[in-house]
Amino acid sequence: MARGLLWLGLVLLGALQAQAQDSPPELIPAPFLIKIPLQPDFQDDQFQGKWYVVGVAGNSINTEKRAQLKMYTTTYQLKDNGSYNVTSTLIRNQRCDHWIRTFVPSSLPGQFTLGNIKRYVGVQSYTVRVMTTNYNQFAMVFFKKVYKNQEYFKITLY
């Protein structure tokens, strides 16, 4: 099952990348969350740690942005309240860039929202869903953001 989801995700990543390269600025519609698989029996304590981003696709990843995206890391640190401190680190403009966010658990295990969302001007909602993982070799994570009434999404392969 996990291997099948991984292949499905890789195909989707490839299709989104190809479509993003060939399409005008009009965004690919974001899928409904109900259509996005969620890791069964998600184990939050096992998901924490450093993950290496090896693939990213979404409806706002264009050629210019893709050129800036090199392999980068995202570290999930589980807090006592069940939320994660999430730190991403990448090299941008020849310097090391970090950004830190908090992902707050929702009522569904493996689904999170962005903490302190008011701090992010224009962001109306932000949902994170762990689609599939074996907790130590791979994970696919779906992100959906509504920003100024426009829906953006991406899938990250760790």
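Our subject is the structure that appears above.
Nothing here was measured: the structure is a model prediction, and the numbers come from that model.

## Focus: the overall build of the protein
Thinking step 1. Helix and strand content of the protein: 3 helices and 9 strands.
Thinking step 2. For the protein, the succession of helices and strands along the chain, N to C, is α-α-β-β-α-β-β-β-β-β-β-β.
Thinking step 3. Of the roughly 9,500 Å² of accessible surface on the protein, a fraction of 54% belongs to carbon and sulfur atoms.

## As for the pairing of strand β4 (residues 84-92)
Thinking step 1. Where strand β3 (residues 72-78) lies against β4, 6 bridges are found, and the strand directions are antiparallel. Bridging from a neighbouring strand, Tyr76 pairs with Val86 of β4.
Thinking step 2. Between β3 and β4, which pair antiparallel one after the other, the connecting turn spans 5 residues, and Gly82 there sits at a positive phi close to 90°.
Thinking step 3. Summarising the sheet, β4 and strand β5 (residues 95-105) pair through 9 bridges and their orientation is antiparallel.

## Re the sheet that holds strand β1 (residues 49-53)
Thinking step 1. The antiparallel open sheet is built from 9 strands, whose spatial order is β1-β3-β4-β5-β6-β7-β8-β9-β2. Looking at strand neighbours, the two that pair on one side only are β1 and β2 (55-58), the edges of this open sheet. Strand-to-strand twist of the sheet, defined as the mean angle between neighbouring strand axes without regard to direction, takes the value 25°.

## Section: the pattern of salt bridges
Thinking step 1. This model, assessed by the stated rule, comprises 1 salt bridge.
Thinking step 2. Between Lys144 and Glu151 there is a salt bridge, with the nearest N and O atoms lying 3.9 Å from each other.
Thinking step 3. Overall, Glu151 belongs to the partly exposed group, its relative accessible area being 33%.

## So, the packing of aromatic side chains
One pair of aromatic rings is described through two measures. These are the centre distance and the angle between the planes.
Thinking step 1. Going through the model one piece at a time under the given rule, you end up with 16 aromatic pairs.
Thinking step 2. Here the aromatic rings of Tyr72 and Trp99 are separated by 6.2 Å at their centres, their planes lie at 40°, and the arrangement is tilted. Residue Tyr72 is found in strand β3, and its partner Trp99 is found in strand β5; the two are separated by 27 residues along the sequence.
Thinking step 3. Aromatic side chains Tyr76 and Tyr84 sit 5.6 Å apart centroid to centroid with 90° between the ring planes, which places their arrangement in the edge-to-face category. This pair shows no difference in class: Tyr76 is buried, exactly as Tyr84 is.
Thinking step 4. Between the NZ or CZ atom of Lys145 and the centre of the ring of Tyr152, over which it lies, the distance is 5.7 Å.
Thinking step 5. In this arrangement the basic side chain of Lys154 is found over the ring face of Phe143, its NZ or CZ atom lying 5.0 Å from the centre.

## Considerations on the side chain of Asp97
Thinking step 1. If you trace the backbone, Asp97 turns up in strand β5.
Thinking step 2. Not counting chain neighbours up to four residues away, the residues in contact with Asp97 comprise Ser88, Thr89, Leu90 and Arg92.

About the thresholds
- Residues numbered from 1 in each chain as written.
- Predicted model: local features only at pLDDT ≥ 70, side-chain atom pairs only at ≥ 80, totals over all residues.
- Heavy atoms only, no water.
- Helix = DSSP H or I, 4+ residues; strand = E, 2+ residues; numbered from the N terminus.
- Areas by Shrake-Rupley, 256 points an atom, 1.4 Å probe, with all protein chains shown as cover.
- Pairing = 2+ DSSP bridges.
- Axes fitted to C-alpha atoms, helices over the stretch in contact; angles between N-to-C directions.
- Salt bridge = Lys/Arg side-chain N within 4 Å of Asp/Glu carboxyl O.
- Buried < 20%, exposed > 50% of the residue type's maximum accessible area, 1.4 Å probe, protein only.
- Phe/Tyr/Trp six-rings, centres within 6.5 Å; stacked < 30°, edge-to-face > 60°.
- Lys NZ or Arg CZ within 6 Å of the ring centre and 35° of its normal.
- Contact = heavy atoms within 4.5 Å.

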